[in-house]
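Here are the chains, one letter per residue:
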Amino acid sequence: MSAPAASRQLSAGRDIPSKRVTVNDPSQLPHDYSTTPGGTLFSTTPGGTRIIYDRNFLLNMRNSPLSQTPPKNLPSIPGVTCPEVGAGAEKPNGARKTATKTDPAEDQFQMDI
Amino acid sequence: MASVGVAKLPLHEDIVKDGKGIKDLQTQDEDGANQVVDPESLIKHPLQSRWSMWFFKNDKAKSWTENLRTVTAFDTVEDFWALYNHIQVASRITSGCDYSLFKEGVKPMWEDDKNKDGGRWLIGFDRKSKPQDIDRCWLETMLLMVGESFDDDSDLVNGAVVNIRSKGNKIAMWTGDWRKEDSITNIGRKFKERLGLPAKYSIGYEAHKDTMTKTGSMAKSLYTV
């Protein structure tokens, strides 16, 4: 399972822009140490390095083990993320249908302690 | 507006998910004796932008915005596929429904600040076209966007919509500022080329402001490629 290495292209680089900020009074200093006067530091390269993926690379990644886990918090949408509610039934009953499906399971776990 | 469910994935959940993925791979590695795991397969590949997938259902009992909901958002190549691998393909969603893929923060509607001065490249599919055609074209459209295939013009791309309709499916790529003719033309050319449309078949770009005022037939195309 090795993806083609040189599949990610990067856009051309450019100089890091700098600006000089004059601080005349301590009140002009930011409240926390992670902020520089006049604004925060660049978290990426200036102007941003564009992350480009070509078609073949993207298609290859479809089979990556990391692409197989369903997204967290995937909402239950009948006909999209879960089976359509009975043919022809267009009412938003999807949630209720799912609920009835779990009912028998709930019965199994009802016990007196 | 209130019932538009926005399923945002907090960052810590992504990390938990990542951690799980890595653990799975390590177990696999132990089984495979001296096998060396390619680090490339352990790290999710970040995308330039974070994208949200939307689903629109044509339920006449509800308002347009109530019918529009976020499916999920993602910002890595693997998370894109994880979503794609677990939702219905476009050709099999109910007629009258749409999928939209937009940059996070841009709603798939004309009224959004990023869209209101924009427009769309529109591709209409024949009623008799095969379901595989719309699925292939919609996937190519999404790959173009998440892969940033338009170089710096990618910044002008806001998203894309696929409409599943009995009278003919449609795919549209939405951009900002309709005045940026060069960028929009570049986007259109690449879009048409990637979808493998015949050279003689031309596609048109219409500004949302023209689509909005025009009722019934098609709005005029500002540009064609």
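Definitions and limits used
- Residues numbered from 1 in each chain as written.
- Chains lettered and ligands numbered in written order.
- Predicted model: local features only at pLDDT ≥ 70, side-chain atom pairs only at ≥ 80, totals over all residues.
- Heavy atoms only, no water.
- UniProt positions renumbered as here; feature names shortened; annotations may be inferred.
- Contact = heavy atoms within 4.5 Å.
- Buried area = accessible area lost by both parts, 1.4 Å probe.
- Salt bridge = Lys/Arg side-chain N within 4 Å of Asp/Glu carboxyl O.
- Polar contact = N/O pair within 3.5 Å; in protein donor to acceptor, adjacent residues only side chain to side chain.
- Helix = DSSP H or I, 4+ residues; strand = E, 2+ residues; numbered from the N terminus.
- Nonpolar A, V, L, I, M, F, W, Y, C, P; charged D, E, K, R; others polar.
- Core = buried A, V, L, I, M, F, W, Y, C linked by side-chain atoms within 4.5 Å.
- Buried < 20%, exposed > 50% of the residue type's maximum accessible area, 1.4 Å probe, protein only.

The name an unreviewed UniProt entry gives chain B is Eukaryotic translation initiation factor 4E, with Strongylocentrotus purpuratus as the organism. Turning to chain B, the UniProt record has this under Sequence similarities (unreviewed entry): "Belongs to the eukaryotic initiation factor 4E family."

Going by what an unreviewed UniProt entry lists, chain A is known as 4E-BP protein and is assigned to Strongylocentrotus purpuratus.

Turning next to the interface of chain B and chain A. Chain B puts 51 residues into the contact, and the matching count from chain A is 36 residues. Interface area for chain B against chain A, summed over the two sides, is near 3,800 Å², with a carbon-plus-sulfur share of 58%. For the chain B face of the interface with chain A, the top three residues by lost area are Gln 48, Trp 81 and His 86 of chain B, together amounting to 14%. Taken together, chain B and chain A are joined by 4 salt bridges. Between Arg 50 of chain A and Glu 148 of chain B there is a salt bridge; the shortest N-O distance is 2.5 Å. At the junction of chain B with chain A, the criterion picks out 14 residue pairs in polar contact (both at pLDDT 80 or more). Elements with a minimum of two residues in the side of chain B that touches chain A: helix H1 (11-31), strand S1 (46-56), strand S2 (68-76), helix H2 (77-84) and helix H3 (131-146) of chain B. Class assignment of the residues belonging to the side of chain B that touches chain A gives a composition of 21 nonpolar, 12 polar and 18 charged.

Time to look at the nonpolar core. Nonpolar side chains tend to gather and get buried jointly when the protein is soluble and globular. Residue and element names in this part refer to chain B. With 53 residues, the main nonpolar core has Tyr 99, Leu 101, Trp 121, Trp 138 and Phe 191 as its most contacted residues. With 9 residues, H3 is the largest single contributor of residues to this core. Those residues in contact with Leu 101 that lie beyond four places of it in its chain are Trp 51, Ser 52, Met 53, Phe 74, Trp 138, Met 142, Met 145, Val 146, Asn 158, Gly 159 and Ala 160. With 10 residues, the next largest nonpolar core counts Trp 54, Val 161, Ala 172 and Trp 174 among its residues.

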